[in-house]
Amino acid sequence: MEIYKSQFIEIQFFKKDSIIRNSWSPNTCIMQEGEFKSELLKIVESISQFKPKYLLSIATELFFNMSPNLQEWAKENFIDKAFNLGITKIGVVLSPETFDKNNIQEQIDQTFDLPLHYFSNEKEARVWLEKF
């Protein structure tokens, strides 16, 4: 079920799978920092409303670059809040080019069994989210 849609993001809720799925659009190349924050808060609002167990972020078309300060803001106001609202795992699907660059991060995540993993396609992400 579609929950929210803007020029930058679409948010859906899959009740059967207990997944909130967001998909970033190519328009993120023109997105400003305030708009990015607002979109992340829409995801948090959706999590609060629908109470899913998992978050699936399709970031293959996310062309917005986060500054270190914005990364810290996102951790505190998006990731931490998502987990506090009951999210148990976050799967992020990256473009193949970006995924290759993040391979080290993926290895670190798997080593420490963090509840956030990066994937090169949505099918792998869904399998991991629904495992256990």
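Small disclaimer: the values here were computed from a predicted structure and weren't measured. Along each chain, the written sequence defines residue order, and numbers are assigned to residues from 1. Confidence filtering applies because this is a predicted model: local features only for residues at pLDDT of at least 70, side-chain atom pairs given and counted only at 80 or more, and all residues used for totals across whole chains, interfaces and linings. With hydrogens and water stripped out, all remaining heavy atoms of the structure feed into the side-chain values.

Caption draft 1: Layout of the overall build of the protein chain. Of regular secondary structure, the protein chain possesses five helices and six strands. Note on areas: Shrake-Rupley, 1.4 Å probe, and residue coverage restricted to the protein chains presented here. When the accessible surface of the protein chain is totalled, it reaches about 7,600 Å², and 52% of it is carbon and sulfur. Helical segments are the DSSP runs of H or I of at least four residues, strand segments are the runs of E of at least two, and each set is numbered from the N terminus.

Caption draft 2: Geometry of the sheet that holds strand S2 (residues 9-14). Taken in spatial order, the six strands line up as S1-S2-S3-S4-S5-S6 in an open sheet, and their pairing is mixed. Edge positions in the sheet fall to strand S1 (2-5) and strand S6 (116-119), since each has one partner strand and no second. The average angle at which neighbouring strand axes cross in this sheet is 15°, direction not considered. With six bridges joining them, S2 and strand S3 (residues 19-24) adopt antiparallel strand pairing. Within the sheet, the bridge partner assigned to Phe13 lies in S3 and is Ile20. Pairs of strands are assigned from DSSP output, requiring at least two bridges between the strands. Axes here refer to lines fitted to C-alpha atoms; in helices the fit is confined to the stretch in contact. Angles between the N-to-C directions go from 0 to 180 degrees.

Caption draft 3: Geometry of the environment of Ile11. Here Ile11 is to be found in strand S2. Sequence separation between Ile11 and Ser46 is 35 residues, and the spatial gap between their C-alpha atoms is 8.1 Å. The contact partners of Ile11, leaving out residues within four places of it in the chain, are Met1, Glu2, Ile3, Tyr4, Ile20, Arg21, Asn22, Lys42, Ile43 and Ser46. Contacts were defined at the residue level, with two residues in contact if any of their heavy atoms lie within 4.5 Å.

Caption draft 4: Here's a closer look at the environment of Gly86. By the secondary structure assignment, Gly86 is in the loop between helix H2 (68-84) and strand S5 (89-93). On the accessibility criterion, Gly86 (35% relative accessible area) is partly exposed. Between the C-alpha atom of Gly86 and that of Lys53, which follows or precedes it by 33 residues, the distance is 6.1 Å. Leave out the neighbours within four places in its chain, and Gly86 touches Pro52 and Lys53. Categorising residues by exposure relies on relative accessible area from a 1.4 Å probe, with only protein chains included: less than 20% of the type maximum marks a residue as buried, more than 50% marks it as exposed, and the intermediate range marks it as partly exposed.

Caption draft 5: Focus on unusual backbone geometry. Positive phi is not limited to glycine here, since Ser18 has a value of about 55°. Looking at the element boundaries, Ser18 is found in the loop between S2 and S3. The class of Ser18 is buried, set by a relative accessible area of 15%. Even without being glycine, Lys51 reaches a positive phi, approximately 55°. Structurally, the position occupied by Lys51 is in the loop between helix H1 (33-50) and strand S4 (54-58). Using a relative accessible area of 52% as the deciding quantity, one classes Lys51 as exposed.

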